[in-house]
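Here is how the chains run, residue by residue.
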Amino acid sequence: MTIDCNATLYVAGNVNADLIMGTLDSWPQRGTEVMLPQSELRPGGSAGNCALALEAMQVRHRAVANQGNDGLSAWLAGYFPNSAAHWRRYACETSVTVGITHSDHERSFLSNFGHVAQLSADDVLDQIPLRAAPGDIVLLCGTFLCLALSSHYAALLEELQRRGFITAVDTGWPPQGWNTAVRQQVAQWLPYCDWLLLNEAETLGLGAAATLPESARQLAGALSGRGGCVVKRGSAGAACWQGAHWLEQPATPVTVVDTIGAGDSFNAGFLTALLHQQPLSRALQWGIAVASQAISTQPRRYPGWQQLPFSAEER
């Protein structure tokens, strides 16, 4: 089967440097120092991780972002050669996230402000066509880290839909927590969002209902009606709510090596399936397949098209 198409996936948001260190299970006493056995400096951020997966899978895409002007700027841009030429440069440091891994495969993140906080709606719209080609998708990532952008989400998403794009958002976790003000801010732009891509904790935090299905159903009902609320459930797989209906897809167990960017890898697989007009069940399968291979390989690898789930008749 061929899955070539002319549609493009635009991934807009936080492209930054990630410093991953571990393993650490208890925070050191203040004023002391701890040596950790593992460290890796690599391009990352929610938008960056998704774009790297798309590049590896040879999917038509563009990373829509900005950049700083310090010593890390050229290094980071070098990983996105087909996109970085369009990035506006800001007179500030590069955004860096320090990811601390723990032995239970959970992780904690520390991020500075840097260039990501200055990404604007104009920066995004200037890098995206005035009119979408059939099937084009825009994914907005790292909502609460893109400080200059987040307050303009409603107008930005409305403009993207006016231009004919399918819209998707992966908010990430708000540093201030899911308080009333954050939920009210998100409520303003949910009607302009087709697909909402969250993990379980984010779904419960944003939906503020007693159970995961109630929160996901509530959020799905607040969307545009053209997509749904997708919940990434780690080893349990993924599910999607569309109105009162839901679809669940289990995951095959894998040996976990590195979970950082798992949800971003899922986004790449899921939205690529939509880009190629695959059914929702297949989109969940592709998201899980891409994320599963990403978290179970070192150095990280992504499945080729021949490894993605198809029915026997399609092969």
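Preceding block: the structure.
Below or above, wherever it landed, is the structure these notes cover. (Residues numbered from 1 in each chain as written. Predicted model: local features only at pLDDT ≥ 70, side-chain atom pairs only at ≥ 80, totals over all residues. Heavy atoms only, no water.)

### Some remarks on the overall build of the chain
Of the regular secondary structure elements, the chain holds 10 helices and 14 strands. A compact globule built from 315 residues would reach a C-alpha radius of gyration of about 20 Å, and the chain, at 19 Å, matches this within 12%. For the chain, the spread of C-alpha atoms along the three principal axes comes to 55 × 40 × 40 Å. Looking at the 315 residues of the chain, the share that counts as buried comes to 53%. (Helix = DSSP H or I, 4+ residues; strand = E, 2+ residues; numbered from the N terminus. Rg over C-alpha atoms; globule rule 2.2 N^0.38 Å. Buried < 20%, exposed > 50% of the residue type's maximum accessible area, 1.4 Å probe, protein only.)

### So, the sheet that holds strand β2 (residues 16-22)
Taken together, four strands build an open sheet; the order of strands is β3-β2-β7-β8 and the sheet is mixed. In the strand order of this sheet, the two ends are held by β3 (38-44) and β8 (107-111), each with one partner. Adjacent strand axes in the sheet meet at a mean angle of 20°, parallel and antiparallel pairs treated alike. (Pairing = 2+ DSSP bridges. Axes fitted to C-alpha atoms, helices over the stretch in contact; angles between N-to-C directions.)

### Let's talk about the nonpolar core
Within the largest apolar cluster, 45 residues are counted, with the highest numbers of intra-cluster contacts made by L139, F270 and L271. When residues of this core are traced back to their parent elements, those giving at least two are β1 (9-12), α1 (46-56), α2 (73-77), β9 (137-141), β11 (195-199), β13 (238-242), α9 (262-275) and α10 (280-295). Here this core takes eight residues from α10, the largest share from any one element. Among all residues touching L139, those that are not within four sequence positions of it are L9, Y10, V11, A12, C50, A168, V169, D170, L197, N267 and L271. Among the nonpolar cores identified, the runner-up in size contains 39 residues, and Y10, V138, W189 and L198 belong to it. (Core = buried A, V, L, I, M, F, W, Y, C linked by side-chain atoms within 4.5 Å. Contact = heavy atoms within 4.5 Å.)

### A closer look at helix α7 (residues 200-207)
Residues of α7 that are buried: E202, T203, G205, L206 and G207. Contacts made by the buried residues of α7 are with β10 (166-170), α6 (180-189), β11, α8 (212-222) and β12 (228-232). A distance of 3.2 Å separates the backbone nitrogen of A201 from a side-chain oxygen at the start of α7, and that oxygen is part of N199. Backbone geometry just after α7 places A208 at a positive phi near 60°. (Polar contact = N/O pair within 3.5 Å; in protein donor to acceptor, adjacent residues only side chain to side chain.)

These figures come from the coordinates and say nothing about function on their own.
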